[in-house]
Amino acid sequence: MTYAVGDIHGRFDLFKRVIFDIKMDAHALGQKPRIVLLGDYIDRGPQSAKVLEAVWLLGQQSWCDLVPLLGNHEDIFVKFLKDASVGPQWFRYGGFETIKSFGIPLARLPETPDEWELVRLRLNEALSPRQYSVLKQAKLCFDAGDYVFVHAGIDPDLSRADHTSDTYLWIREPFLKVKRACTQAVVHGHTPSEDVVNEMWRIGLDTGAYATGILSAVRLLGRSRRVMQVNVKDLSPPPSAAAGSSQSA
């Protein structure tokens, strides 16, 4: 039994609730679940640092097996940790909100190479080893039976052996325009839509959580699929247990 969760983008509130719902659902079915996170934990939303910590904590729990995937936003984040010149590109994708979530004060956007380097150094100091381990251990893709899980998609014109990280993290049109990209059904995020895309050969779970307040997931069990969603409008009162535990989530 596998659950996949779409792009979180700093919405710790929604992530906490969807993990709580998954835990309750799995408990009701009496099975230990696998949880695949489809990447883009950070940027745009307000609590990226807290989401990374929650992902690490979830990976330490015994009630589930966790498979975190890398998203294009994490890829740029890791590049910025080593190279300040990546900063302007990262901030176009919502990096400013991530910097703030790590408690790094910025009165304005950095402009000079020296200013970007200072931000890079401060971020390296603020990032904990646990948060960094989430980024370094995240996979580009994950295969499970009839499904392949990936952040952005699969190139239908290439064999899997010829796929690069850019394909898995960034592809859109070549993947989205075909009904069947490969021999497995592809479960992905990256391209936002108003609702979950639930087609025979493609399941798209990015519902723009940072902007819409809706985080989507799917449960895959045999041939059955169950779409699960958390809406920010339904978050009161918050659950007492979620990502990790009630004390650490």
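Whatever comes next refers back to the structure up there.
Residues numbered from 1 in each chain as written. Predicted model: local features only at pLDDT ≥ 70, side-chain atom pairs only at ≥ 80, totals over all residues. Heavy atoms only, no water.

An account of the environment of proline 156 is needed here, citing residue identities and associated values.
Assignment of secondary structure puts proline 156 in the loop between β5 (147–150) and α8 (165–170). Sequence separation between proline 156 and phenylalanine 175 is 19 residues; the distance between their C-alpha atoms is 6.3 Å. Once residues lying within four places of it in the same chain are set aside, the contact partners of proline 156 are Pro174, Phe175, Val178 and Ala181. (Helix = DSSP H or I, 4+ residues; strand = E, 2+ residues; numbered from the N terminus. Contact = heavy atoms within 4.5 Å.)

I'd like a description of the packing of helix α1 (residues 12–29) against helix α2 (residues 48–59), backed by residues and values.
Contact pair α1 / α2: the axes reach a minimum separation of 9 Å and the direction vectors enclose 20°. Between α1 and α2, the interaxial angle falls into the category roughly parallel. At the point where α1 passes α2, the crossing takes the right-handed sense. Of the residues in α2, those in contact with Phe12, Phe15 and Ile19 of α1 are Lys50, Val51, Ala54, Val55 and Leu58. (Axes fitted to C-alpha atoms, helices over the stretch in contact; angles between N-to-C directions. Parallel < 35°, antiparallel > 145°, perpendicular 65-115°, else oblique. Left-handed = near helix turned anticlockwise from the far one by under 90°.)

Describe the sheet that holds strand β6 (residues 185–188), listing the residues and the values that go with them.
The 5 strands lie next to each other as β4-β5-β6-β8-β7, forming an open sheet whose pairing is mixed. Every interior strand has two partners, whereas the edge strands, β4 (141–144) and β7 (197–198), have only one. Where β7 lies against strand β8 (residues 202–204), 2 bridges are found, and the strand directions are antiparallel. Its bridge partner being in β8, valine 197 is matched across the sheet by glycine 204. (Pairing = 2+ DSSP bridges.)

Please provide a residue-by-residue account of the layout of surface pockets, values included.
Here the largest pocket is characterised by a volume of approximately 190 Å³. If you trace the largest pocket, you find it lined by Asp146, Tyr147, Ala185, Met200, Trp201, Gly222, Arg223 and Arg225. Looking at the lining of the largest pocket residue by residue, the class counts come to 4 nonpolar, 1 polar and 3 charged. (1 Å grid on protein atoms, 1.4 Å probe; cavity = no way out; pocket = protein on both sides within 12 Å on 5 of 7 lines; lining within 4 Å. Points joined across faces, edges and corners; volume = space filled by probe spheres on them. Nonpolar A, V, L, I, M, F, W, Y, C, P; charged D, E, K, R; others polar.)

Explain the environment of aspartate 234 residue by residue, including any values.
Mapping aspartate 234 onto the fold places it in the segment after β10 (224–231). Separated by 15 residues in the primary sequence, aspartate 234 and arginine 219 have C-alpha atoms spaced 20 Å apart.

How would you explain the pattern of salt bridges if you had to name every residue and give the values?
As enumerated under the stated definition, the model contains 11 salt bridges in all. For the salt bridge of lysine 79 with aspartate 75, the shortest nitrogen-to-oxygen distance reads 3.2 Å. Of the two residues, lysine 79 and aspartate 75 are both situated in helix α3 (residues 72–82); the distance of 4 residues between them amounts to about one turn of the helix. Among the residues examined, lysine 79 registers a relative accessible area of 43% and is labelled partly exposed. Taking the relative accessible area as the measure of exposure, aspartate 75 reaches 14% and is therefore buried. One salt bridge in this structure joins aspartate 143 and arginine 160, with 3.1 Å as the shortest N-O distance. One end of the pair, aspartate 143, is in strand β4; the other, arginine 160, is in the loop between β5 and α8, and 17 residues separate them in sequence. With relative accessibility at 38%, the residue aspartate 143 sits in the partly exposed group. Connected via shared salt-bridge partners are Asp25, Arg219 and Arg226. (Salt bridge = Lys/Arg side-chain N within 4 Å of Asp/Glu carboxyl O. Buried < 20%, exposed > 50% of the residue type's maximum accessible area, 1.4 Å probe, protein only.)

So, the environment of isoleucine 76: which residues are in play, and what are the values?
Topologically, isoleucine 76 is positioned in helix α3. Residues isoleucine 76 and valine 150 lie 74 residues apart in sequence; the distance between their C-alpha atoms is 17 Å. For isoleucine 76, the contacting residues outside a window of four places in its chain are Val86, Gln89, Trp90, Tyr93 and Trp170.

Function cannot be read off these values alone, since they describe shape.
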